[in-house]
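# Residue-level structural notes
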Amino acid sequence: MQNEGTVPMIVSCEQASRLSGRCVKIEGRRGDGKTETAVRHVVELLNNRVSPFDILVVTATDEAATSFANRLTAMSKEAGNVRVYSAFSLAALLACGVPCVADKPMAIATAAQCNFLLIDALTVLRESESGVFEVSEEAATELASKMARASGLVLPDEVYECASERLDARLAPKIAQSAEYVIVDDWDLLCPGARRLCEKLARQHLFVVGGSGIQFSFNDECVRAFLDELRDGSSRIRSFVRCVDEGDCLSYDNALRARAFAPDDRSVRIVKWRTVQAELEGVASLVRTILDRHPDFSLSDVCIVVPNLAWARAIRASLRVLKMEGTESLEVDPLAADPRKAPAVGALGAYVRLNLLAHPESSLSWRMWLGLGHRDLAAHAWLEFSRWRAAEKLDFEAAREHLCSDQNIFFDGADKLRASFVEAEAFVRRSNMLRGLSLLSCVCPDGDVAFMKMTLGVDEREDAATLCARVSANARFQRLDDAPGFVRICSASHMAGLKFGAVIIVGAVDGLLPVSCDEEAPSTTICAESERQCTLFCDAAAKANSELVISLFQKAPEEMALDFGMRFVRTKQENGRCVAMLRPSPFIGRAGNAAPGAESAEQFIALR
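This write-up is about the structure you can find in this document.

This paragraph deals with the side chain of D186. Tracing the sequence through the fold places D186 in the loop between β4 (179-184) and α8 (192-201). Among buried Asp, Glu, Lys and Arg side chains, D186 stands out as unpaired, with K543 the closest opposite charge at 5.5 Å. Ignoring sequence-local partners within four residues, the contact set of D186 consists of A60, V209, A496 and G497.

In structure tokens form, the structure reads like this:
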């Protein structure tokens, strides 16, 4: 679809019909209700007798897609038939309508495995002249769903371009075909390939929602009234976020003078704990207090924003003490690294070696060994090997042994595969009896910190299969659909397209928020990283509709403070231990008089 220009926004059915065939872009600040505008637009299209099967919604993340679908269902029963996908899930559904070269579909354990499966799918598709590699729509949907659960793919544009090619060739499953109306949330977060795919999917009308750092353009009284409705109940929070974002308190003073909110509005709170342990154990009590104050809230209306995995797991454990449960969704998968880099170092290289020792019978284990460190991931050579194996009617193990023993076998890339297989077999023979720390040293000789953290607690009896299962479990986190019985625990970067009644930002101390940068890095790099983290902080805070709680602590053991990069004012001795006295996050200081005074956690919990 060719864009014919942009207009500020549309919300009414009359405007939607007049703008049919054009690209419409909504631009606004954080918390201005852009996603809600997109939801309302879908409902208005349905009210205007547009079929739900002619509407496709694309979001930046799987979590945002689930949230968007839930909002639609809550507003209209008919809206439950509207297709809602994350950009990646949609592209995977389009690109993976072909079987992987692996022996059989499998439950994807890590992003690393997903990378190689996608590359194989793309190679098979591009070298196919016809639809002979087609699989059923149900199988394609299942495979795409499995791939969507492994986040952090490093070749997104290639996946999206392949999806576009598949769309042009009319090989797309019906469920992922073009639509008359395509609505895209968080356009700015999509990669260029995903944006091009969305434009191609829209046959008639593309409705785009994204932030631009400017306010809405008010050209219509209906629009103004609608936005005023969205802003009710969150003006105090929005003013705080704006002050942190811009480092200017003038907007807060203006809003206060204009009576946008009451002077005693307590929708933004700063809660202070004495120790880090008190915060980790007490956050569950904050959740319970918020739920008591808002009887209409369920657990899924509360989001806890954490700085790292350690905080997420400790808080999840504290929730269980009070008979609550939480989900985790964090960008901490070290196995999602670029597989084209050198195979000898890093967590990904260690995982590939360990996976081969743990599962030597799996063709995917050998596939990853072969491709790691190669610019093209040896995709073409692997495809030729698969075709030769199919022609000879050999299973994978027999084909591999035959290739290694017979120098006369020739196909494109045969020499490369033979050498790689011989090297891998030698590695397996000399390492398959190793256990525990000896095994760990063998697969990770450079002592990669990220990989070592995923193997904490290893004992001398653990073999490769047990250790590999431990790594896979620690590399991925339980991701559950939004349900009333779960508090959401996530990083700030996982909140695109979401909205919550209450948001609790924990660990708001200098060094965690923002995370400490390398002091030897150039000052421009440090400043840019700090601004990026400030943007994430503002994004997370703006997702609170009714209550925003920022939690910090005053002191932590010095060893822990150093391990996590916390910046402290001084140290002192307490009960024979060295304790670091910490500084609050500088983001709180940027808010100036828009930031409320800190109150003790005990006081906050007592005022239920």
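What follows deals with the pattern of salt bridges. Counting across every chain of the model gives 17 salt bridges. One salt bridge connects E462 with R470, and the closest N-O pair in it is separated by 2.3 Å. Using a relative accessible area of 24% as the deciding quantity, one classes R470 as partly exposed. Among the salt bridges present, the one from E574 reaches K572, with a minimum N-O distance of 3.1 Å. With a relative accessible area of 22%, E574 lands in the partly exposed category. Connected through shared salt-bridge partners, E36, R40 and R71 make up one network.

This part is about the packing of aromatic side chains. Per the stated rule, a full pass over the model turns up 14 aromatic pairs. Between Y252 and F261 the ring centres are 5.7 Å apart and the planes differ by 35°, which places this aromatic pair in the tilted class. For F261, a relative accessible area of 8% corresponds to the buried category. Ring centres of F385 and F411 lie 6.3 Å apart, and the angle between their planes is 45°; on these two criteria the pair is classed as tilted. With F385 in helix α16 (residues 379-392) and F411 in the loop between α17 (396-405) and α18 (414-431), the pair connects residues that are 26 residues apart, well separated along the chain. Take F385 and F411: they sit in the same class, and that class is buried. An aromatic cluster is defined as three or more aromatic residues linked by ring pairs; in this entry it consists of W366, W382, F385, W388, F396, F411 and F421. Here the guanidinium or amino end of R293 rests over the ring plane of F604, the centre of that ring lying 4.3 Å away.

Side chains of residues three or four places apart in an α-helix project in the same direction, reflecting 3.6 residues per turn. Taking 1.5 Å per residue, 13 residues should reach 18 Å; helix α14 (residues 346-358) reaches 18 Å between its end C-alpha atoms and fits that length. In terms of burial, α14 is a largely internal element, 13 of the 13 residues being buried.

Note the cis peptide between L513 and P514, where omega equals 5°. Mapped onto the elements of the fold, P514 is located in the loop between β10 (500-505) and α22 (523-542). Phi at K393 is positive, roughly 60°, even though this residue is not glycine. If you trace the backbone, K393 turns up in the loop between α16 and α17. A positive phi angle, close to 55°, is found at N575, a residue other than glycine. Here N575 shows up in the loop between β12 (568-574) and β13 (577-582). Judged by its relative accessible area of 84%, N575 is exposed.

With that out of the way, let us pick up the environment of G501. Along the chain, G501 falls in strand β10. Taking the C-alpha atoms as reference points, G501 and N545, separated by 44 residues in sequence, lie 4.8 Å from one another. Apart from residues no more than four positions distant in its own chain, G501 is found in contact with F297, D301, A544, N545, S546 and E547.

Contact geometry of α14 with helix α19 (residues 436-443) gives a least axis separation of 8 Å together with a crossing angle of 125°. With respect to each other, α14 and α19 are oriented oblique. Residue-level contacts link A350, R353, L354 and L357 of α14 to L439, C442 and V443 of α19. In terms of residue class, the contact of α14 with α19 is built from six nonpolar, no polar and one charged.

About the criteria used
- Residues numbered from 1 in each chain as written.
- Predicted model: local features only at pLDDT ≥ 70, side-chain atom pairs only at ≥ 80, totals over all residues.
- Heavy atoms only, no water.
- Helix = DSSP H or I, 4+ residues; strand = E, 2+ residues; numbered from the N terminus.
- Buried < 20%, exposed > 50% of the residue type's maximum accessible area, 1.4 Å probe, protein only.
- Lys, Arg positive; Asp, Glu negative; His and termini not counted.
- Salt bridge = Lys/Arg side-chain N within 4 Å of Asp/Glu carboxyl O.
- Contact = heavy atoms within 4.5 Å.
- Phe/Tyr/Trp six-rings, centres within 6.5 Å; stacked < 30°, edge-to-face > 60°.
- Lys NZ or Arg CZ within 6 Å of the ring centre and 35° of its normal.
- Expected span 1.5 Å × (residues − 1).
- Axes fitted to C-alpha atoms, helices over the stretch in contact; angles between N-to-C directions.
- Parallel < 35°, antiparallel > 145°, perpendicular 65-115°, else oblique.
- Nonpolar A, V, L, I, M, F, W, Y, C, P; charged D, E, K, R; others polar.

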